[in-house]
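Listed below are the residues making up each chain.
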Amino acid sequence: MRFLFLPALSALLLSACATDPHAGRGWQAGDHHVHSEWSVDWDRSTSPPTPIRGGDSPYTRSRNARQALAFGLTWMVHTDHGGPGHSAVTRDHAWPALEQARRDVPALIQFNGMEFDVPAAEHASLIIPPGPRERDQLVEIERRFSRNEPTDGVQRDDTQTMLDALVHMRTLPAPPLMFVNHPSRTATGVGQWGEVEPAELRAWHDAAPHVLVGMEGAPGHQATRTERGLYRNAAAPTFGGFDQMTTQVGGVWDTLLAEGRRFWITATSDSHHNLRDGGRDYDPGEYSKTYVWARRDAGDILDGLREGRMFAVTGDLIDALELKVRSTDGAAHVATLGDTLVLPAASTMRIELRVRQPATPNAHGERPLLAQMELIVGTPGDDGIPVMQTRRWGAGTWRRDGDWLSVTWEVPVPARGAFVRARGSSTHEATAQADVPGEDPWQDLWFYSNPVFIDVTGTSSQTATH
């Protein structure tokens, strides 16, 4: 009977997945920006330069994977720096190290990737779908398009090379994913951009909207007490550990969303060298996590990252989130993270936010209390400036249902459509304040959801129930 039961159970699970795309899904925590000993330094006294193993991080990929698993992650992307001729390091050293890490830590889903040197910009996490060509696909992209790859003095620091790279990636049978890393780290002030500008984000997203799908909302390097996130310009710091493009209501991210772009945010460690070992970073999952609504499966996790079924959090402030939008007229349709819901412009939408705080202490040995939650609604405005509405709740003003805290808000559906997102904090700040030297990152924790879109012009909607 046992042998008859297992195929029957598998058939039932396959049938459930066919009828309900969310069957078997749960929150899978991960990190898409992690460095190892194959983020090499370079001996430039030789020609071409000679890679120096361990130059920018002392850790093996297996060690990073073990730490990620210990800190509660389901998945992780190995993303080492490039450099002159680094594609050979990727092929001959980093790839075998990934294969070894997969053998050493089979419980962790590990993706092949790199921190891509973006031509005419800075960096992005490049994530390769698993498969028979995942090594060669990464080597080819790095060899042909990475800004710092050439060893012969040829310059690739131009806008067209990045666009060519994205066109190449979008045409692959299994397209990779890309998230822009620390987008405002080189900014010269608030709203004054450096090597990454909003116009570039638009151009890259236009070139390959299913490849370049977002940016780090919360950059790594959060353990340093001198310049949080290594945002070294005091005039352009992080805000509550998150990048200014994300934190400013009505700012860059909201403007992109109001334009209808499916453009997502994440939180990463950018782990190089842990604070315990004299470095300035936290291990993967120790402080920052990106939770993806997916099955414990590499393909479904990539799909969740591509489609925006995720939220970003620091310090384990929460470990589950539900953001749903539905009509108030009793219709069955409901949309959640990354989805689009179609509603009449004259109707009212009901926004429901539920979050869960962890039952166990975080890596700092604390169970931080949630001090506030906020719902944010944006709609396209005149002259490209989104019109924003917000509503905040403090502790004691939300409902508690077991381990879950929930709030609801009913809002008229804007005539031009809208997007809905949520955030919350362990602080009482109405909006995240500029981070200053000496600040304790464990006392300034935030979560940010990705958006739900409201369309008033279409005729169909996606439904999603968790």
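Structure shown above.
To keep things clear, this report deals only with the structure shown in the data block. Please read all numbers here as calculations on a predicted model, not as lab measurements.

**Comments concerning the pairing of strand β9 (residues 264–267)**
Consideration 1: Taking every second residue as pointing to the same face, both faces of β9 are buried, with Trp264 and Thr266 on one and Ile265 and Ala267 on the other.
Consideration 2: Bridge analysis of strand β8 (residues 212–218) against β9 gives four bridges, and the strand direction is parallel. Along β9, the bridge assignment pairs Ala218 with Ala267.

**Description of the sheet that holds strand β18 (residues 399–401)**
Strands pair in a sheet through their backbones, by hydrogen bonds, and they do so in one of two ways: parallel or antiparallel.
Consideration 1: Across the sheet, which stays open at both edges, the five strands sit in the order β13-β12-β15-β19-β18 with antiparallel pairing between neighbours. If you trace the sheet from one side to the other, it starts and ends with β13 (334–335) and β18, each paired once.

**Thoughts on the packing of helix α5 (residues 159–170) against helix α6 (residues 198–207)**
Consideration 1: Interaxial distance between α5 and α6 falls to 9 Å at its minimum, and their mutual angle equals 30°. It follows that α5 is roughly parallel to α6 by the angle criterion. Crossing handedness for the pair α5 and α6: right-handed. Side by side, α5 and α6 meet where Met162, Leu163, Leu166 and Arg170 of the first sit next to Ala203, Trp204 and Ala207 of the second.
Consideration 2: Within the contact of α5 with α6, the residues separate by chemical class into six nonpolar, no polar and one charged.

**Description of unusual backbone geometry**
Consideration 1: Looking along the chain, the bond that leaves Ser47 and enters Pro48 is cis, with omega of 0°.
Consideration 2: On the secondary structure map, Pro48 appears in the loop between β2 (41–43) and β3 (50–52).
Consideration 3: Although it is not a glycine, His182 adopts a positive phi angle of roughly 30°.
Consideration 4: Looking at where His182 falls in the secondary structure, it is placed in the loop between β7 (177–180) and α6.
Consideration 5: Positive phi, close to 60°, is recorded for His221, a residue that is not glycine.
Consideration 6: Relative to the helices and strands, His221 resides in the loop between β8 and α7 (244–247).

**Here we look at the pattern of salt bridges**
Consideration 1: Applying the stated criterion across every chain yields a total of 33 salt bridges.
Consideration 2: Among the salt bridges present, the one from Arg276 reaches Asp283, with a minimum N-O distance of 2.6 Å.
Consideration 3: Where salt bridges share partners, they join Arg25, Arg295, Asp300, Asp303 and Arg309 into one cluster.

**Some thoughts on the side chain of Ser406**
Consideration 1: Turning to its location among the elements, Ser406 is positioned in strand β19 (residues 404–412).
Consideration 2: For Ser406, the residues in contact, after removing those within four places along its chain, are Leu353, Arg354, Trp398 and Arg399.

**Some remarks on the nonpolar core**
Consideration 1: Judged by nonpolar contacts, the single largest core of 59 residues is most densely connected at Leu166, Met178, Leu201, Trp204 and Leu305.
Consideration 2: The contact partners of Leu166, leaving out residues within four places of it in the chain, are Met178, Trp204, Ala207, Ala208, Val211 and Leu212.
Consideration 3: Grouped together as the second largest cluster of nonpolar side chains are 51 residues, Tyr287, Val313, Leu337 and Leu343 included.

**Some details on the environment of Glu429**
Consideration 1: Summarising the element assignment, Glu429 is placed in the loop between β20 (418–425) and β21 (446–449).
Consideration 2: Along the chain, Glu429 and Arg66 lie 363 residues apart, while their C-alpha atoms are 36 Å from each other.

**Some thoughts on the pairing of strand β6 (residues 123–128)**
Consideration 1: Of all six residues that make up β6, six are buried, and the element is covered over most of its length.
Consideration 2: Alternating residues of β6 divide into His123, Ser125 and Ile127 and Ala124, Leu126 and Ile128, and every residue in both groups is buried.
Consideration 3: Where strand β5 (residues 109–117) lies against β6, six bridges are found, and the strand directions are antiparallel. Paired with Asp117 across the strands is His123, a residue of β6.
Consideration 4: Connecting β5 to the next strand, β6, in antiparallel fashion are five residues, including Ala120 with a positive phi near 65°.
Consideration 5: Here β6 pairs with β7 via four bridges, running antiparallel. Residue pairing across strands places Ile127 opposite Leu177, the latter belonging to β7.

**Topic: helix α9 (residues 298–307)**
Consideration 1: α9 sits mainly inside the fold: seven of its ten residues count as buried.
Consideration 2: For α9, the set of buried residues is Ala298, Asp300, Ile301, Leu302, Gly304, Leu305 and Arg306.
Consideration 3: With a side-chain oxygen lying 3.1 Å from the backbone nitrogen of Gly299, the N-terminal cap of α9 falls on Asp297.

**With respect to the side chain of Glu122**
Consideration 1: When you line up the elements, Glu122 lands in the loop between β5 and β6.
Consideration 2: Among the polar contacts made by the side chain of Glu122, one reaches the side chain of Arg185 at a distance of 2.9 Å.
Consideration 3: Ignoring any residue separated from it by four or fewer positions in sequence, one finds Glu122 in contact with Phe116, Asp117, Arg147, His182, Arg185, Thr186, Glu195 and Val196.

**A few points about the packing of helix α2 (residues 61–70) against helix α3 (residues 86–104)**
Consideration 1: Taken N-terminus to C-terminus, the directions of α2 and α3 make an angle of 40°; their axes are 8 Å apart at the nearest point. The angle between α2 and α3 falls in the class oblique. Crossing handedness for the pair α2 and α3: right-handed. Contact residues: Arg61, Ser62 and Arg66 in α2; Ala94, Ala97, Leu98, Gln100, Ala101 and Asp104 in α3.
Consideration 2: In the contact of α2 with α3, the residues fall into four nonpolar, two polar and three charged.

About the criteria used
Residues numbered from 1 in each chain as written. Predicted model: local features only at pLDDT ≥ 70, side-chain atom pairs only at ≥ 80, totals over all residues. Heavy atoms only, no water. Buried < 20%, exposed > 50% of the residue type's maximum accessible area, 1.4 Å probe, protein only. Helix = DSSP H or I, 4+ residues; strand = E, 2+ residues; numbered from the N terminus. Pairing = 2+ DSSP bridges. Axes fitted to C-alpha atoms, helices over the stretch in contact; angles between N-to-C directions. Parallel < 35°, antiparallel > 145°, perpendicular 65-115°, else oblique. Left-handed = near helix turned anticlockwise from the far one by under 90°. Contact = heavy atoms within 4.5 Å. Nonpolar A, V, L, I, M, F, W, Y, C, P; charged D, E, K, R; others polar. Salt bridge = Lys/Arg side-chain N within 4 Å of Asp/Glu carboxyl O. Core = buried A, V, L, I, M, F, W, Y, C linked by side-chain atoms within 4.5 Å. Polar contact = N/O pair within 3.5 Å; in protein donor to acceptor, adjacent residues only side chain to side chain.

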